[in-house]
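A structural walkthrough
The chain contents come next:
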Amino acid sequence: MTQPVEFAFVDATKVSNQDQKHLQPIVIKKKFIDAEIERLKSLPAPANGRRMSYVSNPNTGIGNGLLFGISVAVCVLNPGERTQPIRHNSSLVNFCIQGGGHTFIDGHRFDYRQYDVWTTPPWSVYEHVNDTRDTQVRFMYSNAPMLEKLGVHIVDENPEVESVVEARSEKETADQSRTSPYGTFPLDDEGAYLMPYEKLIDPPHIDMKPLHWPWERVKTELDKLRALGKQYVGRRLYLMYDPATGRTNGTTNSFFATITIRPGNIVDRPHRHVSAAINYYFAGSGYSIVDGKRHDWEAGDLMLSAPGWAVHNHASNDQDVYELTIQDQPMHIALGSLLWQEDLKHKPKLLGIQNGFGTNRLNAVESGSR
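These numbers come from a predicted model, not from an experiment.

With that settled, the discussion passes to a nonpolar patch on the surface. There is a patch of nonpolar side chains on the surface, built from Tyr182, Phe185, Leu187 and Leu194 and spanning about 440 Å² of accessible area. You can see leucine 187 is positioned in the loop between β12 (185–186) and β13 (193–194). Accessibility expressed as a relative area gives 55% for leucine 187, which makes it exposed.

Following this line, the structure appears as structure tokens:
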């Protein structure tokens, strides 16, 4: 006999604002990353070709996340190796930290080198090839932990590449028996609508294409920001932007990826935001102050640098710093949950702003820039 599912009522009558604990910052030092790369290199080649391991934070619960909704995997291919095709409903931001090679995404080839960034949209069939003489090492950032917590991360290990691509290009003929004669219509003059079933389950398609940002071209533009004088109070970075993400300013629908140049002896102003961030420092050194504690880092270190709503700032030592930041801000903009505070001397003013971010976004920017 099936056992009944247990549940409980939790009395929140007298509860106002419960204290929420931040995740602790974590600095994964280069020596540990290098040791894991060497371990993966030495393994016998797996049948699927994917030599990889997750940088897992056990405090994030279900899923191998470094953050609650972001995983970072170290992926290694020895010279001459390739992975088998795979697809899943999670999206990826890829970053090559060593070597090079190429990837096929839905039949399109992208050649990449060290410090290149590219995306793999959900449900795209992809495989990686190392056609160089050097070991290929990639960081693979994914929103899979969020889907795993929801119990809906779907992975197809053996997709038929040609049939999948062909199926996407076919258009289904409209079935009148499945179409409501009333369509979508306004219920009042205030903006409330009614939408029928077939439109609910089949919204307008927005094509998410794999995109590639070669480091050589990005660096040329990024280095121009170094010359900005002290009067510039913003951060010297560029977002690798996919216009398909629209108002959420994303690299994918879940994440943005930015690359920053931080000139020597620059100290950022403390700030905080609901979105959380992971930094990979690939040149220079410095430190971060998170919730009042100092964390030193150097080139080759990976850092959970900004737990959600934790006060933090970053500083460079004598040399210029280059860093890749992955942050889940686009997801929060879509949810209407983003709050960002720059001026910590005052209490944040919560404003519903009617601009490109939409009225659901909470804003706490007092002054300065992000």
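This next bit is on helix α1 (residues 30–42). The end-to-end C-alpha distance of α1, which contains 13 residues, comes to 18 Å, matching closely the 18 Å that a straight helix rising 1.5 Å per residue would cover. Listing the buried residues of α1 in full gives Ile33, Ile37 and Leu40. For α1, the angular spread of buried residues about the axis comes to 65°, placing them on one side. Those residues of α1 that are exposed and angled more than 90 degrees off the buried face are Lys31, Phe32 and Ser42. On the buried face of α1, the contacting elements are β1 (26–28), β2 (51–54), β3 (71–77), β5 (92–98), β10 (136–142) and β21 (302–306).

A few words on the nonpolar core. With 39 residues, the main nonpolar core has Phe95, Phe139, Tyr141, Ile259, Phe282, Leu302 and Leu324 as its most contacted residues. Counting residues in each nonpolar core, the second largest holds eleven residues, with Leu92, Tyr112, Trp118 and Met140 among its members.

It is worth spelling out the sheet that holds strand β22 (residues 312–316) at this point. The strand order β20-β19-β22 describes an open sheet built from three strands, whose pairing is antiparallel. Two strands lie at the open edges of the sheet, namely β20 (293–298) and β22, each paired on one side alone. Within the sheet, the average angular offset between the axes of one strand and its neighbour, ignoring direction, is 20°. The pairing of strand β19 (residues 285–290) with β22 spans five bridges and is antiparallel. Bridged to glycine 286 within β22 is serine 316.

Here the focus is the pairing of β20. As judged from the six bridges shared by β19 and β20, these two strands associate in the antiparallel manner. From the neighbouring strand, glycine 286 faces β20, where its bridge partner is tryptophan 297. Two successive antiparallel strands, β19 and β20, enclose a turn made up of two residues, where aspartate 291 displays a positive phi of approximately 50°.

According to the stated counting rule, one finds 14 aromatic pairs in the structure shown. Ring geometry for phenylalanine 95 versus tyrosine 115: centroids 6.0 Å apart, planes at 25°, classification stacked. Of this pair, phenylalanine 95 sits in strand β5 while tyrosine 115 sits in the loop between β7 (108–112) and β8 (117–120), placing them 20 residues apart in sequence. A residue is classified by how much of its surface remains accessible, and phenylalanine 95, at 0% relative accessible area, is buried. Summarising the aromatic geometry, the rings of phenylalanine 139 and tyrosine 280 are spaced 4.9 Å apart at their centres and angled 90° between planes, so their arrangement reads as edge-to-face. Placement of the pair is phenylalanine 139 in strand β10 and tyrosine 280 in strand β18 (residues 277–283), with a sequence separation of 141 residues. Comparing phenylalanine 139 with tyrosine 280, the two get one shared label, buried.

The backbone phi angle of aspartate 106 is positive, close to 50°, even though this residue is not glycine. Mapping aspartate 106 onto the fold places it in the loop between β6 (101–105) and β7. Phi angles above zero are rare outside glycine, and asparagine 265 is one such case at about 60°. On the secondary structure map, asparagine 265 appears in the loop between β16 (256–262) and β17 (272–273).

When we look at burial in helix α5 (residues 215–222), the residues that qualify are Trp215, Val218 and Leu222. The arc that holds the buried residues of α5, viewed along the axis, is 65°, so those residues lie on one side. The exposed residues of α5 that point more than 90 degrees off its buried face are Glu216 and Arg217. Buried residues in α5 make contact with β14 (212–213), β15 (237–239), β16, β18 and β23 (321–327).

Turning next to the environment of methionine 140. Here methionine 140 shows up in strand β10. With 87 residues separating them in the primary sequence, methionine 140 and serine 53 have C-alpha atoms 10.0 Å apart. Sequence-distant contacts of methionine 140, defined by excluding residues within four places in its chain, comprise Met52, Ser71, Val72, Ala73, Cys75, Leu92, Val93, Asn94 and Tyr126.

A word on the side chain of arginine 236. Its location among the elements puts arginine 236 in the loop between α5 and β15. In this structure arginine 236 is buried but unpaired, with aspartate 268 as the nearest side chain of opposite charge at 6.7 Å. A polar contact of 3.2 Å, which involves the side chain of arginine 236, links it to the backbone oxygen of leucine 225.

With antiparallel pairing, three strands are arranged side by side in an open sheet as β7-β6-β9. Looking at which strands have only one partner, the edges of the open sheet turn out to be β7 and β9 (126–129). When the angles between neighbouring strand axes are averaged without regard to direction, this sheet yields 20°. With five bridges joining them, β6 and β7 adopt antiparallel strand pairing. Counterpart to glycine 101 in the pairing with β7 is tyrosine 112.

About the cut-offs
Residues numbered from 1 in each chain as written. Predicted model: local features only at pLDDT ≥ 70, side-chain atom pairs only at ≥ 80, totals over all residues. Heavy atoms only, no water. Patch = residues over 30% accessible without salt bridge, like charges linked within 9 Å, V, L, I, M, F, W, Y side chains within 5 Å. Areas by Shrake-Rupley, 256 points an atom, 1.4 Å probe, with all protein chains shown as cover. Salt bridge = Lys/Arg side-chain N within 4 Å of Asp/Glu carboxyl O. Helix = DSSP H or I, 4+ residues; strand = E, 2+ residues; numbered from the N terminus. Buried < 20%, exposed > 50% of the residue type's maximum accessible area, 1.4 Å probe, protein only. Expected span 1.5 Å × (residues − 1). Arc of directions from axis to C-beta. Contact = heavy atoms within 4.5 Å. Core = buried A, V, L, I, M, F, W, Y, C linked by side-chain atoms within 4.5 Å. Pairing = 2+ DSSP bridges. Axes fitted to C-alpha atoms, helices over the stretch in contact; angles between N-to-C directions. Phe/Tyr/Trp six-rings, centres within 6.5 Å; stacked < 30°, edge-to-face > 60°. Lys, Arg positive; Asp, Glu negative; His and termini not counted. Polar contact = N/O pair within 3.5 Å; in protein donor to acceptor, adjacent residues only side chain to side chain.

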